[in-house]
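Architecture at a glance
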Amino acid sequence: MLGILAGMVKPSSLVKPVSVTRIAGRYLAHQEGLPKLPVPPLQQTCEHYLAALTPIMDPEELNHTRKLLEEFQKPGGVGERLQKGLEQRAKKMENWLSDWWLQTAYLDYRMPVVVHSSPGVVLPRMEFSDRQGQMRYAAKLIAGVLDFKSMIDNETLPVEYLGGKPLCMNQYYQVLSSCRIPGTKRDTVVNYTLDKRPPTHITVVHNFQFFVLDVYNSDGTPLTVDQIYIQLEKIWNSSLQTNKEPIGILTSNHRNSWGKAYNNLIKDKTNKESVRAIQKSIFTVCLDAPMPRVSDDMYRTCAGVQMLHGGGSRWNSGNRWFDKTLQFIIGEDGTCGLIYEHAPAEGPPIVSLIDHVVEYMKKSEMVRTPMVPLRMPQKLRFHITPEIKKDIEEAKQNMNIMVHDLDMKVSVFSHFGKDFPKSQKMSPDAFIQISLQLAYYRIYKRCCPTYESASLRMFRLGRTDTIRSTSIDSDKFVKAMDDPAKHAIRGQAIDRHLLGLKLQAIEDLAALPEIFMDTSYAVVLHFNLSTSQVPAKTNCVMCFGPVVPDGYGVCYNPMDTHINFAVSAFDSCQDTNAARLAQALEDALLDIKTLLEQTPKAKL
């Protein structure tokens, strides 16, 4: 037992970026100085792959996979050929993985972005409960995002460092003025930031109606909070009745269905212009109707699902454009947060933006508002044909099925925060991950493939790789992190390398090597636990859906004295239950703490 715990005493910087320092610097010059993502050695990946399979496969299947791997690695064999192809690709490209990853993880993925892909963020509950409070908050939030945007535009966004190494800042430049475009087989992402005339408007949606709101004066200065407030009031007053046809709900459908409906929708010139105005906008603000009232202990969970899907067609799901990269959600009842389309960025840059905006909103307004009349925000018109109406009805039904199927539990673990693991000289992230392993094991009496995202931002255009928290050691009793975890942020993990080898084989038009058709490969990629630590200064929590039908999505934000958790599952799976895992996780955290406190320090 003590040996197991000793494994948890790891420097946190090896596990994942937790505390980053920020130093001002020019974006492009900084990017050029970053190292390229390496291609890990083939033998190393094969060894780590086998180690990852050991706790989750039975011996017979494992033996079969071992033989396939030996064959794959033979000198002059298929593995060596694919490895050379990848190394050549790495020499030619800025990042051998980033384009492939964007396509396979996001743009080729055909499930709805809602629940299955787009994360939501729940912000602390606000004290307002009427339209004036809602609009005042929205106006300050908009001004805060524009303040953040000015740092991106002027290239004065502070460069982030981890362990003395600079991190790639590219994702920050992808989240504003961008949007996903549906296709019938594959989606694309557009970014209007580099246009000759970059967008100067945001979109505001209220009662399912979309408006274009210019947020800059003719001299290029941003509108003041007071000016934005006046404009939001105009929008509110001209959209008092709920629009019968929630056009935005189309964006929640299965990507192929939405792709077909989209092509049909934009045949009409007015519709095309309206859609383009949403896509080009800097970001979207959703002014939501109040949620159904719930008890205080259920509030966070209800706010979580509100951010992820809007509550269904009767509530706020039509008050969205889910393809938009950034959508800030501000409810009339003080429920606030956002949802973001995942293709352009991971969680940490989004959370940095939130932290900046929250700090900005604490400042009192010093700017005198010029007494100039402002143009009426423009309402976006849509011509709804019978065919489009049919598509909307289908999207509504599908959305309501998703809403009923999502099982969610957002909770605050209040017994301790990252302060306790730190007092034990342990990584808080490793501590939480080992507790998750224990919680899952206690419920299911087995270990499962576990995904924890690890940032690759040390490398140019780096996105993520996988920390596999389930290891041979964790099987003996859920040890902290094995070697692949230590290697993950250094570009030496196995998952993206294996993906690269597979895609290299497809690109070479060669037969797919047997290791990729092996049962083990399917099992190892079936992540029953998909997890992510998204630390923020703001007392918020990110939430996302499970990645497999019989799995869980777990996101957490460790604060100093408490931990915010969001656990999701699907009701359609009888074996999973979000509240049960959340409770088991709480028990596991407390039991490991007790164990540590009863263990004499010297023996560690």
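What counts and what doesn't
- Residues numbered from 1 in each chain as written.
- Predicted model: local features only at pLDDT ≥ 70, side-chain atom pairs only at ≥ 80, totals over all residues.
- Heavy atoms only, no water.
- Pairing = 2+ DSSP bridges.
- Helix = DSSP H or I, 4+ residues; strand = E, 2+ residues; numbered from the N terminus.
- Contact = heavy atoms within 4.5 Å.
- Axes fitted to C-alpha atoms, helices over the stretch in contact; angles between N-to-C directions.
- UniProt positions renumbered as here; feature names shortened; annotations may be inferred.
- Buried < 20%, exposed > 50% of the residue type's maximum accessible area, 1.4 Å probe, protein only.
- Polar contact = N/O pair within 3.5 Å; in protein donor to acceptor, adjacent residues only side chain to side chain.
- Salt bridge = Lys/Arg side-chain N within 4 Å of Asp/Glu carboxyl O.
- Parallel < 35°, antiparallel > 145°, perpendicular 65-115°, else oblique.
- Left-handed = near helix turned anticlockwise from the far one by under 90°.
- Nonpolar A, V, L, I, M, F, W, Y, C, P; charged D, E, K, R; others polar.
- Disulfide = S-S within 2.5 Å.
- Core = buried A, V, L, I, M, F, W, Y, C linked by side-chain atoms within 4.5 Å.
- Domains from an automatic or database assignment.

Observations concerning the sheet that holds strand E9 (residues 284–288)
Read from one edge to the other, the open sheet built from eight strands follows the order E12-E8-E7-E9-E10-E11-E2-E17, with strand pairing classed as mixed. What marks the edges here is a single partner per strand, and that holds for strand E12 (378–379) and strand E17 (541–543). Where strand E7 (residues 201–206) meets E9, four bridges bridge the pair, whose relative direction is parallel. From the neighbouring strand, Val205 faces E9, where its bridge partner is Cys286. Here helix H9 (residues 225–237) sits on the sheet in contact with E7, strand E8 (209–214) and E9, set at roughly 155° to E8. Contacting strand E2 (120–122), E9, strand E10 (326–331), strand E11 (336–340) and E17, helix H12 (residues 296–309) runs over the sheet at an angle of about 145° to E2.

A word on the UniProt feature "active site" (unreviewed entry) in the protein
Feature annotation in UniProt places "active site" (unreviewed entry) on His342, given in this structure's numbering. Within the secondary structure, His342 is located in the loop between E11 and helix H13 (347–362). On the basis of relative accessibility, which here comes to 14%, the residue His342 falls in the buried class. Setting aside chain neighbours within four positions, we find His342 in contact with Tyr106, Ser117, Ser118, Pro119 and Arg463. A distance of 3.3 Å separates the side chain of His342 from the side chain of Tyr106, its partner in a polar contact.

Some thoughts on the pattern of salt bridges
By the definition in use, this model includes 19 salt bridges. For the salt bridge of Arg180 with Asp187, the shortest nitrogen-to-oxygen distance reads 2.8 Å. Neither Arg180 nor Asp187 differs from the other in exposure class; each is buried. In this structure, Lys389 engages Glu393 in a salt bridge whose closest nitrogen and oxygen atoms are separated by 3.6 Å.

Side note on the packing of helix H8 (residues 131–153) against H9
Put simply, H8 and H9 touch, their axes get as near as 8 Å, and they point 130° apart. The pairing of H8 with H9 is recorded here as oblique in orientation. Along this stretch, H8 crosses H9, giving a crossing that reads as right-handed. Where H8 approaches H9, its residues Arg131, Gln132, Gln134, Met135, Arg136, Ala138, Ala139, Lys140, Ile142 and Ala143 are matched on the opposing element by Val225, Asp226, Ile228, Tyr229, Leu232, Glu233, Trp236 and Asn237. Grouping the amino acids of the contact of H8 with H9 by side-chain chemistry returns ten nonpolar, three polar and five charged.

Some thoughts on the state of the cysteines
Within the structure shown, the criterion is met by zero disulfides. Free of any disulfide, Cys543 has its nearest cysteine sulfur in Cys555, 7.6 Å distant.

A few points about the nonpolar core
A general trend in soluble globular proteins is that nonpolar side chains are found buried together. Counting residues in hydrophobic clusters, the biggest one holds 59 residues, and the most contacted among them are Ile142, Ile202, Leu232, Phe283 and Leu326. For this core, the element with the highest residue contribution is H8, accounting for twelve residues. Here this core spans two domains, and each of domain 1 (42–102 + 408–598) and domain 2 (120–406) adds at least three residues to it. In this structure, Ile142 is in contact with Ile202, Val215, Ile228, Leu232, Phe283 and Val285, ignoring residues within four places of it in sequence. Within the second largest apolar cluster, 47 residues are counted, among which are Val122, Tyr299, Ile339 and Cys543.

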